[in-house]
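# Residue-level structure breakdown
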Amino acid sequence: MAQSSKNTSNESRQEKVMTKYDRKVARRKAERAREIRNKKIAISVALILCVGLVIGIGTAVGVNLYKIYYSYIKVDGNPVSEIEFDFYYSLYKNSMLNQNISSDMTYAQYLQSYMGYDMTKSDKRQNYSDDYTWYDYFANNGVTSLKQYKTLLKIADERGFEYTTAEEDYNNFIDQIKSEAESASMSFNAYYQEAFGEHASKSNTKAYVNDYLKAVAFRDSIDGELAATTEQVSEYYEEHKNDYDTVSYRYVDIKPADTDDVSMQAAKSSADNMLEKITDEHSFIELCPGYATDSASEYTDDESKSLVSNATYASCETDIAEWLFDASRENGDKTVIEHNHDGTVSEYTVLFYVDRTSKKDDSTTAIENTLLEQNYSELIRPYMDAITVDPNGRYVTIES
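Residues numbered from 1 in each chain as written. Predicted model: local features only at pLDDT ≥ 70, side-chain atom pairs only at ≥ 80, totals over all residues. Heavy atoms only, no water.

### Some points on the overall build of the protein
Convention followed: The way it works is that DSSP assigns letters per residue, a run of H or I at least four long becomes a helix, a run of E at least two long becomes a strand, and they are numbered from the N terminus. The classification of residues rests on relative accessible area computed with a 1.4 Å probe and restricted to protein chains. Under 20% of the type maximum is buried, over 50% is exposed, and intermediate values are partly exposed. The contact criterion used throughout is that any non-hydrogen atoms of two residues lie within 4.5 Å. Per-residue and other accessible areas were derived by the Shrake-Rupley procedure at a 1.4 Å probe size, with only the shown protein chains allowed to occlude residues.
For the protein, the helix and strand inventory stands at 15 helices and 9 strands. Residues classed as buried in the protein amount to 34% of the 400 residues present. Residue pairs at least 24 apart in sequence account for 64% of intrachain contacts in the protein once pairs closer than 6 positions are excluded. Total accessible area computed for the protein in this model is approximately 24800 Å², and 48% of it derives from carbon and sulfur atoms.

Printed below as a string of structure tokens:
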């Protein structure tokens, strides 16, 4: 018994007595453990979210870089980068805007004056029509140009065309850009981007420039093959001489006092009466003041008031042009034509035919160019028609 009591007493002394302080320390350790655990969890969640954000940003940047440098649209199933797309977009746009449509007006001036195009605004923010923006318009034509140059490259390769002036042509191209940049007081890089797109640089467009220059060189090399013969030019002129010749004639408008039938009949009777009295050009001139309903006194003071010299078919109203350019027309022919001069009120025009001027010699170059373009189109059309284009939602396709 004594031994048993001794053992029990020793065991009791070996046990740690849990005081109030011990319990407080233990509680604090447990709380600290929870804090550390929760902090680790929080850090893990934050890292996960951070990784997700990086992946999201990386994906967005990756998608953007993908379209810029690899696939913006697809042409014939092959990816075309935004850089290449912008290059041909800009080539077409710049070429078109700088063309002259008359001796004193460029296409750029025409579009600004008559179609409301604003060169200071983004093409994507301006409407070309109810359904399309100017970006759509230039994109469609730019892609057509891209197809054309790729077709030329294909035919060039099929024919074994050797492009021996590549380096010289490229250097001339860059020198021209440098010259234009200096004239515009811009750095080369800034001007290059303005000319060929916001992502364009000398280095990342070099391959596209070389392809473009090779295509141009190949086309120049086949101009002789596609040129029209003298006989073809003559035949074309005879079939389309109304597009080139000019005529001279005299006219006077006789307008009704009102739109009612009585007024119309009175105007027609007056025109017919004048027509009967015309015997030659001089008689027409003398009769004009007595029959003209507008500025009659001007016909008295100026014999040229009734004369139109070197008029083209396109410059005349259709019904008048058809009469004037009839192949059977001879000097002294006369007629009365009823037509809507301003689209709303009918009137009668008395016409006297003077002569026609052949423009066969003057139009030879224009006809040669027209036939060259036709022959060129016949060559590349089958290739271009076979090329498919997937805009990939970048622009709206304008149906022709």
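On we go.
### Concerning the confidence of the model for the protein
Do not read the fine detail of predicted coordinates wherever pLDDT is low. Quick reminder of the rule: pLDDT: the predictor's confidence for each residue, scored from 0 to 100.
Of the residues in the protein, 83% have a pLDDT of 70 or more, and the chain-wide mean is 86. A low-confidence stretch, residues 1-21 stays under pLDDT 50, and its non-local contacts, those more than four residues away or across chains, total 3 contacts. For the stretch residues 43-58, pLDDT sits under 50, and the model shows 0 contacts to residues farther than four places along the chain or on other chains.

### Description of the pattern of salt bridges
Any two side chains of opposite charge can pair if their charged atoms end up close together. For the record, the criterion: By salt bridge we mean one thing: a side-chain nitrogen of Lys or Arg within 4 Å of a carboxyl oxygen of Asp or Glu.
Taken as a whole and judged by the stated rule, the model has 11 salt bridges. With a shortest N-O distance of 3.2 Å, K241 and E238 are connected by a salt bridge. One salt bridge in this structure joins R250 and E281, with 2.8 Å as the shortest N-O distance. One end of the pair, R250, is in strand β5 (residues 246-254); the other, E281, is in helix α12 (residues 281-291), with 31 residues separating them in the sequence. We classify R250 as buried; its relative accessible area is 6%.

### Points about the packing of helix α5 (residues 134-158) against helix α15 (residues 364-386)
We count it as follows: All axes here are fitted lines through C-alpha atoms, helices being fitted over the stretch that makes contact, and every angle between N-to-C directions spans 0 to 180 degrees. Should an angle fall under 35 degrees it is called roughly parallel, over 145 degrees roughly antiparallel, and 65 to 115 degrees roughly perpendicular, with every other angle called oblique. When residues are grouped by polarity, Ala, Val, Leu, Ile, Met, Phe, Trp, Tyr, Cys and Pro land in nonpolar, Asp, Glu, Lys and Arg in charged, and all others, Gly among them, in polar.
One way to put it is that α5 packs onto α15 with a least axis distance of 9 Å and a crossing angle of 100 degrees. Classed by the angle they form, the pair α5 and α15 counts as roughly perpendicular. The segment α5 lies against α15, with T144, K147, Q148, T151, L152, K154, I155 and E158 engaging Y376, L379, I380, Y383 and M384. Residue classes in the contact of α5 with α15 are distributed as 7 nonpolar, 3 polar and 3 charged.

### Quick notes on the sheet that holds strand β7 (residues 334-340)
Through backbone hydrogen bonds, the strands of a sheet pair up, either in parallel or in antiparallel fashion. Note the cut-off: One bridge is not enough; two strands pair if DSSP finds at least two bridges between them.
Spatially, the 4 strands line up as an open sheet ordered β6-β5-β8-β7, and their pairing is antiparallel. The two strands at the open ends of the sheet, each matched to only one other strand, are β6 (307-311) and β7. Within this sheet the neighbouring strands show an average axis-to-axis angle of 35 degrees, counted without direction. As judged from the 9 bridges shared by β5 and strand β8 (residues 346-357), these two strands associate in the antiparallel manner.

### Let's talk about unusual backbone geometry
In most cases, non-glycine residues show a negative phi, while peptide bonds are predominantly trans. A positive phi is found at S185, a non-glycine position, where the angle reads about 55 degrees. Among the secondary structure elements, S185 is positioned in the loop between α6 (166-183) and α7 (188-196). The phi angle at N310 is positive, at roughly 55 degrees, despite the residue not being glycine. Residue position: N310 is located in strand β6.

### Comments concerning the packing of aromatic side chains
Definition in use: A pair of Phe, Tyr and Trp rings is counted when the ring centres sit within 6.5 Å of each other, with Trp represented by its six-membered ring. The angle between the planes then sorts it: under 30 degrees is stacked, over 60 is edge-to-face, the rest tilted. Charge-over-ring contacts are defined here by two conditions on Lys NZ or Arg CZ: a distance within 6 Å of the ring centre and an angle within 35 degrees of the ring normal.
For the coordinates displayed, the defined rule picks out 29 aromatic pairs. Ring centres 4.9 Å apart and planes at 55 degrees place the aromatic pair Y117 and W134 in the tilted group. In this pair, Y117 is assigned in the loop between α4 (107-114) and α5 and W134 in helix α5, connecting sequence segments 17 residues apart. By relative accessible area, Y117 is classed as buried at 3%. Residue W134 is classed as buried on the basis of its relative accessible area, which comes to 2%. Taken together, a centroid distance of 5.4 Å and an interplanar angle of 65 degrees make the contact between F161 and F218 edge-to-face. One end of the pair, F161, is in the loop between α5 and α6; the other, F218, is in helix α8 (residues 206-221), with 57 residues separating them in the sequence. Site record: aromatic cluster; members linked through ring pairs are Y72, F85, Y89, Y92, Y117, Y128, W134, Y135, Y137, F138 and Y395. Here the guanidinium or amino end of K305 rests over the ring plane of Y299, the centre of that ring lying 5.7 Å away. The cationic tip of R329 hangs over the ring face of W323; the distance from NZ or CZ to the ring centre is 4.2 Å.

### Considering the pairing of β5
Along a regular strand, successive side chains alternate from one face of the sheet to the other. Counting buried positions over the 9 residues of β5 gives 8, a clear majority of the element. The pairing of β5 with β6 spans 3 bridges and is antiparallel. Across the sheet, R250 pairs through a bridge with L307, a residue of β6.

### Comments concerning the side chain of T151
Tracing the backbone shows T151 in helix α5. Excluding residues that lie within four positions of it along the chain, T151 makes contacts with I380, Y383, M384 and I387.

### Structural notes on helix α11 (residues 261-277)
To keep things clear, this is the line we draw: Given a helix with a known number of residues, its expected span is that number minus one, times 1.5 Å. Throughout this description, a polar contact denotes any pair of N or O atoms lying within 3.5 Å of each other; where both atoms belong to protein, one of them has to be capable of donating a hydrogen while the other can accept it, and for residues adjacent in sequence the pair is counted only when both atoms sit in side chains.
With 17 residues, α11 ought to run about 24 Å at 1.5 Å a step, and its terminal C-alpha atoms sit 25 Å apart, in line with that. Capping the start of α11 is the job of one residue whose side-chain oxygen sits 3.1 Å from the backbone nitrogen of V262: D260.

### Points about the packing of helix α10 (residues 230-240) against α15
At their nearest, the axes of α10 and α15 sit 10 Å apart, and the two run at 100 degrees to each other. Taken together, the axes of α10 and α15 are roughly perpendicular relative to one another. In this structure, α10 uses Q232, V233, Y236 and Y237 to contact α15, whose residues at the interface are T364, I367, E368, T370, L371 and Q374. Split into classes, the residues belonging to the contact of α10 with α15 amount to 5 nonpolar, 4 polar and 1 charged.

### A look at a nonpolar patch on the surface
Short version of the rule: Nonpolar side chains (Val, Leu, Ile, Met, Phe, Trp, Tyr) within 5 Å and like charges within 9 Å form the patches, drawn only from residues with over 30% relative accessible area and no salt bridge.
Taken together, Y114, M115 and Y128 make up a surface patch of nonpolar side chains, about 320 Å² in accessible area. In this structure, Y128 sits in the loop between α4 and α5.

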